[in-house]
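Below are the chains, spelled out letter by letter.
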Amino acid sequence: MCESETEVFVPRPSRTVQEVGRLLVPGCSCVSVVLQSPTAVATTDMNRELFAAGERLVSPAYVRQGCEARRSHEHLMRLLLEKGKCPEDGWDESTLELFLHELAIMDSNNFLGNCGVGEREGRVASALVARRHYRFIHGIGRSGDISAVQPKAAGSSLLNKITNSLVLDIIKLAGVHTVTSCFVVPMATGMSLTLCFLTLRHRRPKAKYIIWPRIDQKSCFKSMITAGFEPVVIENILEGDELRTDLKAVEAKVQELGPDHVLCVHSTTSCFAPRVPDRLEELAVICANYGIPHIVNNAYGVQSSKCMHLIQQGARVGRVDAFVQSLDKNFMVPVGGAIIAGFNDSFIQEISKMYPGRASASPSLDVLITLLSLGSNGYKKLLKERKEMFSYLSNQLKKLSEAYNEKLLHTPHNPISLAMTLKTLDKHCSKAVTQLGSMLFTRQVSGARVVPLGSMQTVSGYTFRGFMSHTNNYPCAYLNAASAIGMKTQDVDLFIKRLDKCLKTVRKEQNKESDVSGVDNNDKTEDVDIEEMALKLDTVRLDTCQDSS
(Lines give C-alpha, C1' and ligand atoms only; values in the text may rest on other atoms or scores of the structure.)
Protein backbone atom coordinates (compact mmCIF):
# COMPACT_ATOMS: atom_id res chain seq x y z
CA MET A 1 0.00 0.00 0.00
CA CYS A 2 1.40 3.43 -0.95
CA GLU A 3 1.83 6.23 1.59
CA SER A 4 -1.03 8.29 0.19
CA GLU A 5 -3.56 5.49 0.54
CA THR A 6 -6.25 5.52 3.17
CA GLU A 7 -7.14 2.12 4.59
CA VAL A 8 -10.65 1.78 5.93
CA PHE A 9 -11.59 -1.41 7.76
CA VAL A 10 -15.22 -2.40 7.66
CA PRO A 11 -17.15 -5.31 9.18
CA ARG A 12 -17.19 -8.53 7.25
CA PRO A 13 -20.10 -8.66 4.82
CA SER A 14 -21.29 -11.36 2.45
CA ARG A 15 -19.22 -12.84 -0.33
CA THR A 16 -19.98 -10.31 -3.06
CA VAL A 17 -18.50 -7.35 -1.30
CA GLN A 18 -15.62 -9.43 0.13
CA GLU A 19 -14.38 -10.00 -3.37
CA VAL A 20 -13.57 -6.32 -3.71
CA GLY A 21 -9.88 -5.84 -2.96
CA ARG A 22 -9.65 -2.30 -4.19
CA LEU A 23 -11.88 0.40 -5.65
CA LEU A 24 -9.99 3.15 -7.42
CA VAL A 25 -11.94 6.33 -6.91
CA PRO A 26 -12.12 9.06 -9.54
CA GLY A 27 -10.87 12.33 -8.17
CA CYS A 28 -8.59 10.68 -5.61
CA SER A 29 -5.02 9.65 -6.35
CA CYS A 30 -4.94 6.46 -4.37
CA VAL A 31 -7.82 5.46 -2.12
CA SER A 32 -8.57 1.88 -1.29
CA VAL A 33 -11.34 0.22 0.63
CA VAL A 34 -9.87 -2.84 2.33
CA LEU A 35 -12.29 -5.46 3.58
CA GLN A 36 -11.56 -7.83 6.43
CA SER A 37 -11.16 -11.01 4.44
CA PRO A 38 -8.02 -13.15 4.15
CA THR A 39 -8.55 -13.79 0.43
CA ALA A 40 -11.18 -13.18 -2.21
CA VAL A 41 -12.76 -16.62 -2.40
CA ALA A 42 -15.75 -17.95 -4.30
CA THR A 43 -17.86 -18.49 -1.20
CA THR A 44 -17.34 -17.79 2.50
CA ASP A 45 -17.26 -20.49 5.14
CA MET A 46 -20.56 -19.13 6.41
CA ASN A 47 -22.14 -19.48 2.97
CA ARG A 48 -20.90 -23.05 2.73
CA GLU A 49 -22.46 -23.87 6.09
CA LEU A 50 -25.74 -22.25 5.03
CA PHE A 51 -25.86 -24.22 1.79
CA ALA A 52 -24.93 -27.43 3.59
CA ALA A 53 -27.74 -26.84 6.07
CA GLY A 54 -30.11 -26.20 3.20
CA GLU A 55 -29.12 -29.45 1.50
CA ARG A 56 -30.38 -31.35 4.53
CA LEU A 57 -33.83 -29.87 3.95
CA VAL A 58 -34.03 -29.66 0.15
CA SER A 59 -32.49 -31.77 -2.57
CA PRO A 60 -28.75 -30.87 -2.93
CA ALA A 61 -29.25 -30.55 -6.69
CA TYR A 62 -31.84 -27.82 -6.18
CA VAL A 63 -29.67 -26.01 -3.64
CA ARG A 64 -26.70 -26.09 -6.00
CA GLN A 65 -28.90 -24.72 -8.78
CA GLY A 66 -30.04 -21.88 -6.51
CA CYS A 67 -26.43 -21.25 -5.52
CA GLU A 68 -25.39 -20.93 -9.17
CA ALA A 69 -28.27 -18.51 -9.79
CA ARG A 70 -27.03 -16.34 -6.94
CA ARG A 71 -23.50 -16.46 -8.27
CA SER A 72 -24.68 -15.01 -11.59
CA HIS A 73 -25.97 -11.96 -9.70
CA GLU A 74 -22.78 -11.72 -7.67
CA HIS A 75 -20.64 -11.95 -10.79
CA LEU A 76 -22.23 -8.76 -12.13
CA MET A 77 -21.62 -7.02 -8.81
CA ARG A 78 -18.00 -8.09 -8.71
CA LEU A 79 -17.36 -6.79 -12.24
CA LEU A 80 -18.91 -3.44 -11.33
CA LEU A 81 -16.77 -3.03 -8.23
CA GLU A 82 -13.59 -4.17 -9.92
CA LYS A 83 -13.92 -2.07 -13.08
CA GLY A 84 -15.85 0.94 -11.77
CA LYS A 85 -17.59 1.34 -15.13
CA CYS A 86 -21.20 1.28 -16.22
CA PRO A 87 -22.10 -2.24 -17.38
CA GLU A 88 -22.91 -2.50 -21.07
CA ASP A 89 -26.26 -4.16 -20.45
CA GLY A 90 -28.64 -3.06 -17.73
CA TRP A 91 -29.26 -5.11 -14.61
CA ASP A 92 -32.59 -6.60 -13.68
CA GLU A 93 -34.33 -5.36 -10.52
CA SER A 94 -33.52 -8.45 -8.46
CA THR A 95 -29.77 -7.95 -9.01
CA LEU A 96 -30.08 -4.27 -8.24
CA GLU A 97 -31.96 -4.82 -4.99
CA LEU A 98 -29.55 -7.56 -3.90
CA PHE A 99 -26.62 -5.22 -4.54
CA LEU A 100 -28.19 -2.33 -2.64
CA HIS A 101 -29.00 -4.64 0.26
CA GLU A 102 -25.40 -5.91 0.34
CA LEU A 103 -24.15 -2.33 0.57
CA ALA A 104 -26.76 -1.17 3.09
CA ILE A 105 -25.93 -3.87 5.66
CA MET A 106 -22.38 -2.49 5.77
CA ASP A 107 -23.66 0.73 7.42
CA SER A 108 -23.62 0.79 11.21
CA ASN A 109 -27.32 1.65 11.51
CA ASN A 110 -28.04 -1.79 10.01
CA PHE A 111 -25.62 -3.79 12.19
CA LEU A 112 -27.32 -6.43 14.33
CA GLY A 113 -26.84 -5.40 17.95
CA ASN A 114 -25.41 -1.97 17.13
CA CYS A 115 -25.39 0.44 20.07
CA GLY A 116 -25.35 4.07 18.99
CA VAL A 117 -24.81 6.77 21.61
CA GLY A 118 -24.08 9.74 19.33
CA GLU A 119 -26.30 12.49 18.01
CA ARG A 120 -26.30 11.10 14.46
CA GLU A 121 -26.69 7.34 14.47
CA GLY A 122 -28.93 6.78 11.46
CA ARG A 123 -32.12 6.60 13.48
CA VAL A 124 -35.31 6.82 11.41
CA ALA A 125 -38.78 7.04 12.97
CA SER A 126 -40.70 5.78 9.93
CA ALA A 127 -40.10 2.34 8.45
CA LEU A 128 -41.53 3.65 5.16
CA VAL A 129 -38.85 6.35 5.02
CA ALA A 130 -36.17 3.75 5.74
CA ARG A 131 -37.41 1.54 2.89
CA ARG A 132 -37.65 4.52 0.55
CA HIS A 133 -33.91 5.06 1.02
CA TYR A 134 -33.02 1.35 1.00
CA ARG A 135 -31.84 1.96 4.58
CA PHE A 136 -28.94 4.19 3.49
CA ILE A 137 -29.45 6.68 6.29
CA HIS A 138 -25.99 8.14 6.97
CA GLY A 139 -25.73 10.08 3.71
CA ILE A 140 -22.42 10.65 1.94
CA GLY A 141 -19.18 12.39 2.85
CA ARG A 142 -17.95 13.75 6.15
CA SER A 143 -18.15 17.21 7.67
CA GLY A 144 -15.07 18.39 5.78
CA ASP A 145 -15.46 16.71 2.39
CA ILE A 146 -18.49 15.43 0.49
CA SER A 147 -16.31 12.76 -1.17
CA ALA A 148 -14.71 11.44 2.04
CA VAL A 149 -15.30 7.91 3.39
CA GLN A 150 -17.42 7.54 6.54
CA PRO A 151 -16.03 4.94 8.98
CA LYS A 152 -19.53 4.13 10.30
CA ALA A 153 -21.05 3.95 6.80
CA ALA A 154 -18.82 1.86 4.56
CA GLY A 155 -21.78 0.83 2.39
CA SER A 156 -22.90 4.42 1.75
CA SER A 157 -19.30 5.41 1.07
CA LEU A 158 -18.97 2.62 -1.50
CA LEU A 159 -22.25 3.70 -3.07
CA ASN A 160 -20.91 7.25 -3.38
CA LYS A 161 -17.61 6.17 -4.93
CA ILE A 162 -19.26 3.76 -7.35
CA THR A 163 -21.79 6.38 -8.45
CA ASN A 164 -19.08 8.97 -9.14
CA SER A 165 -17.11 6.37 -11.07
CA LEU A 166 -20.13 5.39 -13.22
CA VAL A 167 -21.04 9.00 -13.91
CA LEU A 168 -17.48 9.74 -15.00
CA ASP A 169 -17.68 6.79 -17.39
CA ILE A 170 -20.95 8.10 -18.87
CA ILE A 171 -19.57 11.63 -19.33
CA LYS A 172 -16.68 10.14 -21.32
CA LEU A 173 -19.13 8.03 -23.32
CA ALA A 174 -21.19 11.16 -24.07
CA GLY A 175 -18.23 12.95 -25.62
CA VAL A 176 -15.91 14.56 -23.07
CA HIS A 177 -13.21 11.91 -23.36
CA THR A 178 -10.45 13.65 -21.38
CA VAL A 179 -12.47 14.49 -18.26
CA THR A 180 -10.52 13.25 -15.24
CA SER A 181 -12.74 13.80 -12.24
CA CYS A 182 -16.33 14.40 -11.17
CA PHE A 183 -18.67 14.03 -8.23
CA VAL A 184 -22.41 14.04 -7.66
CA VAL A 185 -23.60 16.85 -5.41
CA PRO A 186 -27.10 16.90 -3.85
CA MET A 187 -27.95 20.35 -5.17
CA ALA A 188 -29.48 21.47 -8.45
CA THR A 189 -27.45 23.22 -11.15
CA GLY A 190 -27.71 26.79 -9.79
CA MET A 191 -26.37 26.04 -6.31
CA SER A 192 -23.70 23.75 -7.78
CA LEU A 193 -22.47 26.67 -9.88
CA THR A 194 -22.41 28.78 -6.71
CA LEU A 195 -20.19 26.15 -5.07
CA CYS A 196 -17.73 26.45 -7.97
CA PHE A 197 -17.64 30.25 -7.69
CA LEU A 198 -17.09 30.12 -3.93
CA THR A 199 -14.16 27.75 -4.46
CA LEU A 200 -12.58 30.17 -6.93
CA ARG A 201 -12.93 33.01 -4.41
CA HIS A 202 -10.04 31.58 -2.36
CA ARG A 203 -7.84 31.33 -5.45
CA ARG A 204 -8.63 34.84 -6.68
CA PRO A 205 -9.09 37.12 -3.65
CA LYS A 206 -9.07 40.35 -5.74
CA ALA A 207 -11.81 39.17 -8.09
CA LYS A 208 -15.17 40.92 -7.95
CA TYR A 209 -16.77 40.28 -11.34
CA ILE A 210 -18.06 37.32 -13.34
CA ILE A 211 -18.30 37.80 -17.10
CA TRP A 212 -21.52 36.23 -18.32
CA PRO A 213 -22.79 36.07 -21.91
CA ARG A 214 -26.51 36.68 -21.42
CA ILE A 215 -28.82 33.69 -21.05
CA ASP A 216 -32.31 34.46 -19.73
CA GLN A 217 -32.53 31.83 -17.03
CA LYS A 218 -32.85 32.96 -13.42
CA SER A 219 -31.00 30.26 -11.49
CA CYS A 220 -27.66 30.63 -13.32
CA PHE A 221 -27.84 34.41 -12.83
CA LYS A 222 -28.71 34.06 -9.14
CA SER A 223 -25.87 31.58 -8.67
CA MET A 224 -23.41 34.46 -9.20
CA ILE A 225 -25.31 36.86 -6.94
CA THR A 226 -25.57 34.25 -4.16
CA ALA A 227 -21.81 33.67 -4.31
CA GLY A 228 -21.31 37.42 -3.70
CA PHE A 229 -20.07 38.47 -7.14
CA GLU A 230 -21.20 41.09 -9.62
CA PRO A 231 -22.36 39.68 -12.95
CA VAL A 232 -21.13 41.57 -16.00
CA VAL A 233 -23.76 40.87 -18.65
CA ILE A 234 -22.49 40.55 -22.21
CA GLU A 235 -25.32 41.05 -24.69
CA ASN A 236 -25.56 38.53 -27.52
CA ILE A 237 -25.31 39.46 -31.19
CA LEU A 238 -27.90 38.50 -33.81
CA GLU A 239 -26.55 36.40 -36.68
CA GLY A 240 -29.40 35.43 -38.98
CA ASP A 241 -32.04 34.07 -36.58
CA GLU A 242 -29.46 32.98 -33.98
CA LEU A 243 -28.22 34.82 -30.90
CA ARG A 244 -24.48 34.20 -30.53
CA THR A 245 -21.62 35.12 -28.21
CA ASP A 246 -20.08 38.57 -28.68
CA LEU A 247 -16.43 37.57 -28.32
CA LYS A 248 -15.08 41.08 -28.91
CA ALA A 249 -17.26 42.42 -26.10
CA VAL A 250 -16.05 39.66 -23.76
CA GLU A 251 -12.38 40.37 -24.41
CA ALA A 252 -12.90 44.14 -24.22
CA LYS A 253 -14.58 43.75 -20.83
CA VAL A 254 -11.69 41.59 -19.54
CA GLN A 255 -9.24 44.30 -20.56
CA GLU A 256 -11.42 47.05 -19.06
CA LEU A 257 -11.86 45.37 -15.67
CA GLY A 258 -8.42 43.78 -15.51
CA PRO A 259 -7.92 40.00 -15.45
CA ASP A 260 -7.16 39.92 -11.70
CA HIS A 261 -10.56 41.45 -10.95
CA VAL A 262 -12.46 38.87 -13.00
CA LEU A 263 -13.33 35.70 -11.07
CA CYS A 264 -14.19 33.73 -14.20
CA VAL A 265 -16.08 33.59 -17.45
CA HIS A 266 -19.41 31.85 -16.92
CA SER A 267 -20.49 30.34 -20.25
CA THR A 268 -23.47 28.22 -21.34
CA THR A 269 -24.01 25.25 -23.63
CA SER A 270 -27.63 24.03 -23.46
CA CYS A 271 -30.18 26.84 -23.88
CA PHE A 272 -33.49 27.85 -25.47
CA ALA A 273 -33.47 28.79 -29.17
CA PRO A 274 -32.88 31.23 -30.81
CA ARG A 275 -30.03 31.52 -28.28
CA VAL A 276 -27.40 28.93 -29.18
CA PRO A 277 -24.49 27.48 -27.15
CA ASP A 278 -21.68 29.93 -26.48
CA ARG A 279 -18.57 29.89 -28.63
CA LEU A 280 -16.84 27.75 -26.06
CA GLU A 281 -13.59 27.16 -27.92
CA GLU A 282 -12.98 30.86 -28.46
CA LEU A 283 -13.98 31.70 -24.86
CA ALA A 284 -11.64 28.98 -23.59
CA VAL A 285 -8.78 30.53 -25.57
CA ILE A 286 -9.54 34.01 -24.17
CA CYS A 287 -9.57 32.56 -20.63
CA ALA A 288 -6.25 30.78 -21.21
CA ASN A 289 -4.64 33.92 -22.68
CA TYR A 290 -5.65 36.13 -19.76
CA GLY A 291 -5.29 33.49 -17.01
CA ILE A 292 -9.00 33.60 -16.10
CA PRO A 293 -10.93 30.51 -14.91
CA HIS A 294 -13.78 29.22 -17.08
CA ILE A 295 -16.92 27.64 -15.59
CA VAL A 296 -19.45 26.10 -17.99
CA ASN A 297 -23.18 25.76 -17.30
CA ASN A 298 -23.91 22.48 -19.10
CA ALA A 299 -27.33 22.06 -17.46
CA TYR A 300 -28.87 19.64 -19.96
CA GLY A 301 -25.92 19.25 -22.29
CA VAL A 302 -24.86 15.67 -21.47
CA GLN A 303 -27.64 14.42 -23.75
CA SER A 304 -26.21 16.39 -26.69
CA SER A 305 -23.06 15.25 -28.46
CA LYS A 306 -22.64 18.80 -29.82
CA CYS A 307 -22.62 20.36 -26.36
CA MET A 308 -20.20 17.76 -25.04
CA HIS A 309 -17.94 18.21 -28.08
CA LEU A 310 -17.80 21.97 -27.39
CA ILE A 311 -16.60 21.29 -23.85
CA GLN A 312 -14.03 18.75 -25.04
CA GLN A 313 -12.70 21.14 -27.68
CA GLY A 314 -12.65 24.06 -25.24
CA ALA A 315 -10.50 22.05 -22.84
CA ARG A 316 -8.23 20.99 -25.70
CA VAL A 317 -7.50 24.41 -27.17
CA GLY A 318 -7.92 26.62 -24.11
CA ARG A 319 -9.20 26.54 -20.56
CA VAL A 320 -12.24 24.89 -19.00
CA ASP A 321 -11.97 24.57 -15.21
CA ALA A 322 -15.29 22.90 -14.42
CA PHE A 323 -18.59 22.11 -16.10
CA VAL A 324 -21.85 21.53 -14.25
CA GLN A 325 -24.81 19.41 -15.40
CA SER A 326 -28.19 18.52 -13.96
CA LEU A 327 -29.03 14.95 -12.97
CA ASP A 328 -32.77 15.17 -13.61
CA LYS A 329 -32.43 16.77 -17.07
CA ASN A 330 -29.83 14.30 -18.33
CA PHE A 331 -30.60 11.06 -16.49
CA MET A 332 -34.36 11.22 -15.86
CA VAL A 333 -34.21 11.10 -12.06
CA PRO A 334 -35.97 13.34 -9.50
CA VAL A 335 -34.85 16.96 -9.18
CA GLY A 336 -32.17 17.74 -6.62
CA GLY A 337 -28.78 16.67 -7.91
CA ALA A 338 -26.00 17.78 -10.23
CA ILE A 339 -22.60 16.64 -11.46
CA ILE A 340 -19.54 18.86 -11.14
CA ALA A 341 -16.80 17.66 -13.48
CA GLY A 342 -13.47 18.89 -14.75
CA PHE A 343 -10.04 18.20 -16.17
CA ASN A 344 -7.98 18.87 -13.04
CA ASP A 345 -8.33 16.44 -10.14
CA SER A 346 -7.09 18.83 -7.49
CA PHE A 347 -9.55 21.59 -8.43
CA ILE A 348 -12.55 19.22 -8.45
CA GLN A 349 -11.44 17.87 -5.04
CA GLU A 350 -11.16 21.45 -3.82
CA ILE A 351 -14.78 22.09 -4.86
CA SER A 352 -15.95 18.94 -3.07
CA LYS A 353 -14.20 20.07 0.11
CA MET A 354 -15.95 23.44 -0.10
CA TYR A 355 -19.32 21.71 0.49
CA PRO A 356 -20.12 22.21 4.20
CA GLY A 357 -21.09 19.08 6.10
CA ARG A 358 -22.39 15.70 5.01
CA ALA A 359 -24.89 15.38 2.18
CA SER A 360 -27.98 13.44 1.17
CA ALA A 361 -27.28 10.19 -0.65
CA SER A 362 -30.61 10.30 -2.50
CA PRO A 363 -29.36 11.87 -5.78
CA SER A 364 -26.40 9.44 -5.86
CA LEU A 365 -28.67 6.49 -5.17
CA ASP A 366 -31.17 7.58 -7.85
CA VAL A 367 -28.59 7.96 -10.59
CA LEU A 368 -26.79 4.74 -9.58
CA ILE A 369 -30.01 2.73 -9.84
CA THR A 370 -30.86 4.42 -13.16
CA LEU A 371 -27.49 3.79 -14.80
CA LEU A 372 -27.34 0.18 -13.61
CA SER A 373 -30.88 -0.36 -14.92
CA LEU A 374 -30.07 1.14 -18.32
CA GLY A 375 -26.48 0.04 -18.79
CA SER A 376 -24.26 2.02 -21.15
CA ASN A 377 -26.05 0.50 -24.15
CA GLY A 378 -29.42 1.62 -22.79
CA TYR A 379 -28.15 5.16 -22.22
CA LYS A 380 -26.61 5.33 -25.70
CA LYS A 381 -29.94 4.20 -27.11
CA LEU A 382 -31.69 7.08 -25.31
CA LEU A 383 -29.15 9.54 -26.74
CA LYS A 384 -29.74 8.18 -30.25
CA GLU A 385 -33.52 8.36 -29.85
CA ARG A 386 -33.28 11.96 -28.64
CA LYS A 387 -31.45 12.97 -31.80
CA GLU A 388 -34.08 11.26 -33.91
CA MET A 389 -36.85 13.02 -31.99
CA PHE A 390 -35.14 16.37 -32.55
CA SER A 391 -35.28 15.84 -36.32
CA TYR A 392 -38.88 14.64 -36.13
CA LEU A 393 -39.98 17.55 -33.94
CA SER A 394 -38.19 19.99 -36.25
CA ASN A 395 -39.94 18.64 -39.33
CA GLN A 396 -43.39 18.58 -37.72
CA LEU A 397 -43.03 22.07 -36.26
CA LYS A 398 -41.82 23.42 -39.62
CA LYS A 399 -44.90 22.02 -41.41
CA LEU A 400 -47.26 23.45 -38.81
CA SER A 401 -45.60 26.87 -38.82
CA GLU A 402 -45.90 27.15 -42.61
CA ALA A 403 -49.58 26.22 -42.44
CA TYR A 404 -50.14 29.33 -40.29
CA ASN A 405 -47.89 31.63 -42.34
CA GLU A 406 -45.18 31.44 -39.67
CA LYS A 407 -41.70 29.93 -39.86
CA LEU A 408 -39.36 27.73 -37.89
CA LEU A 409 -36.39 29.87 -36.92
CA HIS A 410 -33.09 28.73 -38.45
CA THR A 411 -30.92 27.84 -35.43
CA PRO A 412 -28.57 25.06 -36.60
CA HIS A 413 -26.15 25.58 -33.69
CA ASN A 414 -28.79 24.66 -31.10
CA PRO A 415 -29.05 20.84 -30.94
CA ILE A 416 -31.90 20.60 -28.40
CA SER A 417 -34.30 23.55 -28.60
CA LEU A 418 -36.41 24.89 -31.49
CA ALA A 419 -38.32 28.15 -31.98
CA MET A 420 -41.34 28.96 -34.16
CA THR A 421 -42.32 32.55 -34.91
CA LEU A 422 -45.64 34.02 -33.72
CA LYS A 423 -45.61 37.13 -35.91
CA THR A 424 -49.18 36.86 -37.13
CA LEU A 425 -50.52 36.53 -33.58
CA ASP A 426 -48.45 39.39 -32.22
CA LYS A 427 -49.38 41.65 -35.16
CA HIS A 428 -53.06 41.62 -34.22
CA CYS A 429 -52.76 41.64 -30.44
CA SER A 430 -49.76 41.21 -28.13
CA LYS A 431 -52.00 39.45 -25.60
CA ALA A 432 -52.65 36.66 -28.10
CA VAL A 433 -49.09 35.38 -27.61
CA THR A 434 -49.42 34.93 -23.85
CA GLN A 435 -52.95 33.61 -24.37
CA LEU A 436 -51.51 30.84 -26.55
CA GLY A 437 -49.11 29.87 -23.75
CA SER A 438 -51.96 29.69 -21.24
CA MET A 439 -54.05 27.60 -23.60
CA LEU A 440 -51.24 25.09 -24.11
CA PHE A 441 -50.67 24.79 -20.37
CA THR A 442 -54.35 24.22 -19.58
CA ARG A 443 -54.38 21.54 -22.28
CA GLN A 444 -51.59 19.71 -20.45
CA VAL A 445 -48.74 20.74 -22.74
CA SER A 446 -45.79 21.35 -20.42
CA GLY A 447 -42.35 22.65 -21.35
CA ALA A 448 -43.43 24.79 -24.30
CA ARG A 449 -42.59 28.49 -23.81
CA VAL A 450 -44.14 31.46 -25.55
CA VAL A 451 -41.93 34.54 -25.64
CA PRO A 452 -43.69 37.89 -26.25
CA LEU A 453 -41.88 41.03 -27.32
CA GLY A 454 -40.73 43.67 -24.89
CA SER A 455 -41.24 41.92 -21.55
CA MET A 456 -39.30 43.33 -18.60
CA GLN A 457 -38.04 41.30 -15.65
CA THR A 458 -36.05 42.29 -12.58
CA VAL A 459 -33.84 39.55 -11.13
CA SER A 460 -31.92 40.23 -7.91
CA GLY A 461 -31.96 43.98 -8.61
CA TYR A 462 -30.97 43.70 -12.29
CA THR A 463 -33.56 44.64 -14.91
CA PHE A 464 -33.58 42.74 -18.21
CA ARG A 465 -35.35 44.08 -21.28
CA GLY A 466 -36.87 41.49 -23.58
CA PHE A 467 -36.55 38.88 -20.82
CA MET A 468 -36.82 35.25 -21.95
CA SER A 469 -35.58 36.17 -25.45
CA HIS A 470 -31.90 36.52 -24.35
CA THR A 471 -31.64 39.97 -25.92
CA ASN A 472 -33.15 43.44 -25.57
CA ASN A 473 -34.97 43.48 -28.90
CA TYR A 474 -35.50 40.22 -30.72
CA PRO A 475 -37.31 40.83 -34.05
CA CYS A 476 -40.41 38.75 -33.28
CA ALA A 477 -42.39 36.83 -30.69
CA TYR A 478 -41.93 33.06 -30.80
CA LEU A 479 -42.70 29.69 -29.23
CA ASN A 480 -40.08 27.25 -27.89
CA ALA A 481 -40.16 23.46 -27.81
CA ALA A 482 -37.29 21.14 -26.95
CA SER A 483 -36.37 17.58 -27.81
CA ALA A 484 -35.01 16.31 -24.51
CA ILE A 485 -33.91 12.83 -23.49
CA GLY A 486 -36.83 10.46 -23.00
CA MET A 487 -39.16 12.17 -25.48
CA LYS A 488 -41.23 9.79 -27.61
CA THR A 489 -42.90 10.07 -31.02
CA GLN A 490 -46.32 10.17 -29.37
CA ASP A 491 -45.22 13.21 -27.31
CA VAL A 492 -44.35 15.10 -30.50
CA ASP A 493 -47.56 14.06 -32.27
CA LEU A 494 -49.77 15.06 -29.34
CA PHE A 495 -47.95 18.39 -28.94
CA ILE A 496 -48.38 19.26 -32.62
CA LYS A 497 -52.04 18.27 -32.53
CA ARG A 498 -52.80 20.40 -29.47
CA LEU A 499 -50.74 23.33 -30.71
CA ASP A 500 -52.65 23.21 -33.99
CA LYS A 501 -55.98 23.34 -32.15
CA CYS A 502 -54.82 26.22 -29.96
CA LEU A 503 -53.61 28.23 -32.95
CA LYS A 504 -56.95 27.68 -34.72
CA THR A 505 -58.84 28.85 -31.64
CA VAL A 506 -56.73 31.99 -31.25
CA ARG A 507 -57.06 32.79 -34.96
CA LYS A 508 -60.83 32.30 -34.82
CA GLU A 509 -61.12 34.70 -31.88
CA GLN A 510 -58.98 37.25 -33.69
CA ASN A 511 -61.18 37.00 -36.78
CA LYS A 512 -64.32 37.54 -34.67
CA GLU A 513 -62.78 40.64 -33.12
CA SER A 514 -61.85 41.89 -36.60
CA ASP A 515 -65.42 41.34 -37.86
CA VAL A 516 -66.92 43.19 -34.89
CA SER A 517 -64.41 45.97 -35.37
CA GLY A 518 -65.35 46.12 -39.07
CA VAL A 519 -69.08 46.41 -38.30
CA ASP A 520 -68.46 49.21 -35.84
CA ASN A 521 -66.40 51.06 -38.39
CA ASN A 522 -69.14 50.71 -41.03
CA ASP A 523 -71.72 52.08 -38.60
CA LYS A 524 -69.51 55.04 -37.83
CA THR A 525 -69.00 55.69 -41.56
CA GLU A 526 -72.75 55.64 -42.17
CA ASP A 527 -73.34 58.09 -39.31
CA VAL A 528 -70.76 60.46 -40.74
CA ASP A 529 -72.34 60.27 -44.20
CA ILE A 530 -75.82 61.09 -42.79
CA GLU A 531 -74.44 64.07 -40.89
CA GLU A 532 -72.71 65.36 -44.02
CA MET A 533 -75.95 65.02 -46.04
CA ALA A 534 -77.90 66.87 -43.35
CA LEU A 535 -75.38 69.71 -43.40
CA LYS A 536 -75.62 69.94 -47.20
CA LEU A 537 -79.45 70.09 -47.05
CA ASP A 538 -79.31 72.84 -44.46
CA THR A 539 -76.95 74.79 -46.69
CA VAL A 540 -79.26 74.39 -49.70
CA ARG A 541 -82.29 75.53 -47.67
CA LEU A 542 -80.37 78.54 -46.38
CA ASP A 543 -79.35 79.49 -49.92
CA THR A 544 -82.97 79.11 -51.12
CA CYS A 545 -84.26 81.35 -48.36
CA GLN A 546 -81.67 83.97 -49.16
CA ASP A 547 -82.62 83.92 -52.86
CA SER A 548 -86.32 84.30 -52.13
CA SER A 549 -85.66 87.24 -49.89
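From a predicted model like this one, the values you see are computed outputs, not experimental measurements.

1. Things to note about the overall build of the chain
In terms of regular secondary structure, the chain is built from 17 helices and 16 strands. Across the 549 residues in the chain, those meeting the buried criterion constitute 49%. Within the chain, contacts between residues separated by at least 24 positions form 72% of all contacts whose residues are at least 6 apart in sequence. In the form shown here, the chain has an accessible surface area of approximately 26,000 Å², with 53% of it arising from carbon and sulfur atoms.

2. Thoughts on the pairing of strand 3 (residues 181–185)
Among the five residues that make up strand 3, five are buried, leaving the element largely enclosed by the rest of the structure. With five bridges joining them, strand 3 and strand 11 (residues 338–342) adopt antiparallel strand pairing. Along strand 11, the bridge assignment pairs Val-185 with Ala-338.

3. Regarding the pairing of strand 14 (residues 456–459)
One ladder, built from four bridges, connects strand 14 with strand 15 (residues 462–465); its direction is antiparallel. When the sheet's bridge partners are listed, Val-459 is paired in strand 15 with Tyr-462.

4. Section: the sheet that holds strand 13 (residues 449–451)
Pairing within the open sheet is antiparallel, and its three strands lie in the order 12-16-13. In this open sheet, the two edge strands, each paired with only one partner strand, are strand 12 (417–421) and strand 13. Across the sheet, the mean angle separating the axes of adjacent strands is 25° when strand polarity is ignored. Two strands pair when backbone bridges link them, and strand 13 and strand 16 (residues 478–482) are joined in this way by three bridges, in the antiparallel orientation. Residue pairing across strands places Arg-449 opposite Asn-480, the latter belonging to strand 16. Packed onto the sheet, helix 14 (residues 362–403) meets strand 12 and strand 16 and runs at close to 0° relative to strand 12. The strands touched by helix 16 (residues 431–442) are strand 13 and strand 16; relative to strand 13, the strand with the most contacts, the crossing angle is about 175°.

5. Some words on the confidence of the model for the chain
Looking at the chain, the pLDDT average stands at 87 and 85% of residues meet or exceed 70. Of the regions scoring below 50 in pLDDT, residues 1–43 engages in 86 contacts with residues more than four places distant in sequence or in other chains. Confidence drops under a pLDDT of 50 for residues 544–549, and excluding neighbours within four residues, the segment shows zero contacts in the predicted structure.

6. Points about the packing of helix 4 (residues 93–104) against helix 6 (residues 154–174)
At their nearest, the axes of helix 4 and helix 6 sit 7 Å apart, and the two run at 130° to each other. When the axes of helix 4 and helix 6 are compared, the pair comes out oblique. Judged by residue contacts, Phe-99, Leu-100 and Leu-103 of helix 4 engage Gly-155, Leu-158, Leu-159 and Ile-162 from helix 6. A breakdown of the residues in the contact of helix 4 with helix 6 according to their chemical character gives six nonpolar, one polar and no charged.

What counts and what doesn't
Residues numbered from 1 in each chain as written. Predicted model: local features only at pLDDT ≥ 70, side-chain atom pairs only at ≥ 80, totals over all residues. Heavy atoms only, no water. Helix = DSSP H or I, 4+ residues; strand = E, 2+ residues; numbered from the N terminus. Buried < 20%, exposed > 50% of the residue type's maximum accessible area, 1.4 Å probe, protein only. Contact = heavy atoms within 4.5 Å. Areas by Shrake-Rupley, 256 points an atom, 1.4 Å probe, with all protein chains shown as cover. Pairing = 2+ DSSP bridges. Axes fitted to C-alpha atoms, helices over the stretch in contact; angles between N-to-C directions. pLDDT = per-residue confidence, 0-100. Parallel < 35°, antiparallel > 145°, perpendicular 65-115°, else oblique. Nonpolar A, V, L, I, M, F, W, Y, C, P; charged D, E, K, R; others polar.

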